[in-house]
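These are the residues of each chain, in order.
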Amino acid sequence: FIGSMIMPIVPVADKSGTLYYATITADAAAQTSRSAGTAPTATQISDSSTTYTCLERNKRGAITPDEVKQMGGIAKAEVVGAKYAKRQVMLALETSIAAEVLGLTAEATFDAAKLQEQAQNALDDIRLYEGATALVGSTKVLKMIVEDILGNSVHGPVFSRLITGGSPQIAAEGLNFNAWMNALAMYLGVDKVLAGDTNIWNAGTNAGKFAFAKVDASNDPLSHKWTPVFGKSFQFLPDGQQPWHIVSHADLTDVNNYFTATMWYDTVALNTGAVYVIDGVV
């Protein structure tokens, strides 16, 4: 799961409400002709506002009594059932965040021969937003990007040196996916590469897309109030402490055991200019 690194979690006590967030204030020329005794010309800076509504998402897993015995008892079965239900809801949250990121209009079409130029255009475009720079995409798309760069007669030899280095040991280490991603980060000049689940980040209209993004690295749930960040995921806390409501119960009519996980959330994109989408990876 990479979604919460792009749209960090904000715990809220109400299922809906109004939120205030910082936006980019356009650059203005510095004043060079102020007369003595007169105030400098001011550019007014203010927050914007929008609303959020945390909707319920839930999933239920079921385990029969004989399967409970196979798992070593109800205590172990409860862990299995709750983890399954919880993961499905987490996948739903990840899918929502992926749609917020890659659902934006693509700014360019991928070209391995011009990728460094495209990357610089993207980084220039998002430079005024707060956070670390990240390349975001599915593991499949990011792997395809690397393969296309390596297949380019001009850029391939340069990129391969970033992966293999100058010794047999480093060359062997360069065979793994993480080495590819580290090389890609260095090649494109980003702070990190976030590789997401292909079944989510390359599904449907997300297929063949990746993005350059500014990701909030402050670990402050209220950072959106004074720094222009891409977006946040608002999670309602039903008990005031944590976002999950997990219930297990035995049904003697159906002769089954049910495990239900529920979470309320809303993903809200605040500054879409902090993301630059590129499509066309095939």
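In this text, all values refer to a predicted model and were calculated from it rather than measured experimentally. (Residues numbered from 1 in each chain as written. Predicted model: local features only at pLDDT ≥ 70, side-chain atom pairs only at ≥ 80, totals over all residues. Heavy atoms only, no water.)

This part is about the overall build of the protein. Helices and strands together make up the secondary structure of the protein, namely nine helices and twelve strands. In terms of C-alpha radius of gyration, the protein reaches 24 Å, well past the compact-globule figure of 19 Å for 282 residues. Dimensions of the protein along its principal axes, counting C-alpha atoms only, are 85 × 60 × 30 Å. Residue pairs in contact within the protein that sit at least 24 positions apart in sequence constitute 82% of those at least 6 positions apart. Taken as a whole, the protein presents about 14,800 Å² of accessible surface, with 51% of it coming from carbon and sulfur. Positive and negative side-chain charges of the protein, numbering 20 and 27 respectively, have mean locations separated by a distance of 3 Å. (Helix = DSSP H or I, 4+ residues; strand = E, 2+ residues; numbered from the N terminus. Rg over C-alpha atoms; globule rule 2.2 N^0.38 Å. Contact = heavy atoms within 4.5 Å. Areas by Shrake-Rupley, 256 points an atom, 1.4 Å probe, with all protein chains shown as cover. Lys, Arg positive; Asp, Glu negative; His and termini not counted. Charge placed at Lys NZ, Arg CZ, Asp CG, Glu CD.)

Turning our eyes to something else, we now look at the sheet that holds strand β6 (residues 132–138). Strand order across the open sheet formed by five strands is β5-β12-β8-β6-β7, with mixed pairing between neighbours. Among the strands making up the open sheet, the edge pair consists of β5 (108–109) and β7 (192–196). Where β6 lies against β7, five bridges are found, and the strand directions are parallel. For Ala134, the partnering residue across the bridge sits in β7 and is Lys192. Running at roughly 100° to β6, helix α5 (residues 139–150) makes contact with β6, β7 and β8 (210–215) of the sheet. (Pairing = 2+ DSSP bridges. Axes fitted to C-alpha atoms, helices over the stretch in contact; angles between N-to-C directions.)

Counted under the stated rule, the structure contains five aromatic pairs. Taking 5.0 Å as the distance between ring centres and 10° as the angle between the ring planes, the aromatic pair formed by Tyr52 and Phe234 counts as stacked. Of this pair, Tyr52 sits in strand β3 (residues 48–53) while Phe234 sits in strand β9 (residues 231–236), and the two are 182 residues apart along the sequence. The burial state of Tyr52 is the same as that of Phe234; both residues are buried. Between Phe159 and Tyr187, the ring centres sit 5.1 Å apart and the planes meet at 85°, which makes this aromatic pair edge-to-face. Pair noted here: Phe159 is in helix α6 (residues 156–164) and Tyr187 is in helix α8 (residues 177–188), with a separation of 28 residues, a long-range link. For Tyr187, a relative accessible area of 7% gives the class buried. (Phe/Tyr/Trp six-rings, centres within 6.5 Å; stacked < 30°, edge-to-face > 60°. Buried < 20%, exposed > 50% of the residue type's maximum accessible area, 1.4 Å probe, protein only.)

We now examine α6. If you check which residues of α6 are buried, you get Gly156, Phe159 and Ile163. Considered in projection along α6, the buried side chains sweep an arc of 70° and stay on one side of the axis. Projecting away from the buried face of α6 at angles above 90 degrees are the exposed residues Val158 and Arg161. (Arc of directions from axis to C-beta.)

Applying the stated criterion across every chain yields a total of two salt bridges. For Glu147, the salt bridge identified is with Lys143, shortest N-O distance 2.5 Å. Separated by four residues within a single helix, Glu147 and Lys143 lie in helix α5, roughly one turn from each other. Taking relative accessible area as the criterion, Lys143 reaches 36% and is therefore assigned partly exposed. (Salt bridge = Lys/Arg side-chain N within 4 Å of Asp/Glu carboxyl O.)

Turning our attention to the environment of Ala203. As for its position among the elements, Ala203 is in the loop between α9 (198–201) and β8. Residue classification places Ala203 among the partly exposed residues on the basis of a relative accessible area of 32%. Between the C-alpha atoms of Ala203 and Ser138, which are 65 residues apart in sequence, the distance is 9.2 Å.

Its location among the elements puts Thr227 in the loop between β8 and β9. Of note is the side chain of Thr227, whose polar atom sits 2.6 Å from the backbone oxygen of Ser223. (Polar contact = N/O pair within 3.5 Å; in protein donor to acceptor, adjacent residues only side chain to side chain.)

Turning our attention to the pairing of β8. Among the six residues that make up β8, six are buried, leaving the element largely enclosed by the rest of the structure. Burial along β8 is two-sided: the face carrying Phe210, Phe212 and Lys214 and the face carrying Ala211, Ala213 and Val215 are both buried. As paired elements, β6 and β8 share six bridges and run antiparallel to each other. Opposite Val136, over in β8, you have Ala211 as the bridge partner. Sheet analysis places β8 next to strand β12 (residues 275–279), joined by four bridges and oriented antiparallel. Residue pairing for β12: Ala211 is matched across the bridge by Val277.

The next point concerns α8. With twelve residues, α8 extends 17 Å between its outermost C-alpha atoms, agreeing within 8% with the 16 Å of an ideal straight helix rising 1.5 Å per residue. Looking only at α8, the buried set comprises Ala179, Trp180, Met181, Ala183, Leu184, Ala185, Tyr187 and Leu188. Of the residues flanking the start of α8, the one acting as N-cap is Asn176, its side-chain oxygen 3.0 Å from the backbone nitrogen of Asn178. A positive backbone phi angle near 75° is found at Gly189, which sits one or two residues after α8. (Expected span 1.5 Å × (residues − 1).)

Purely geometric numbers; function is a separate question.
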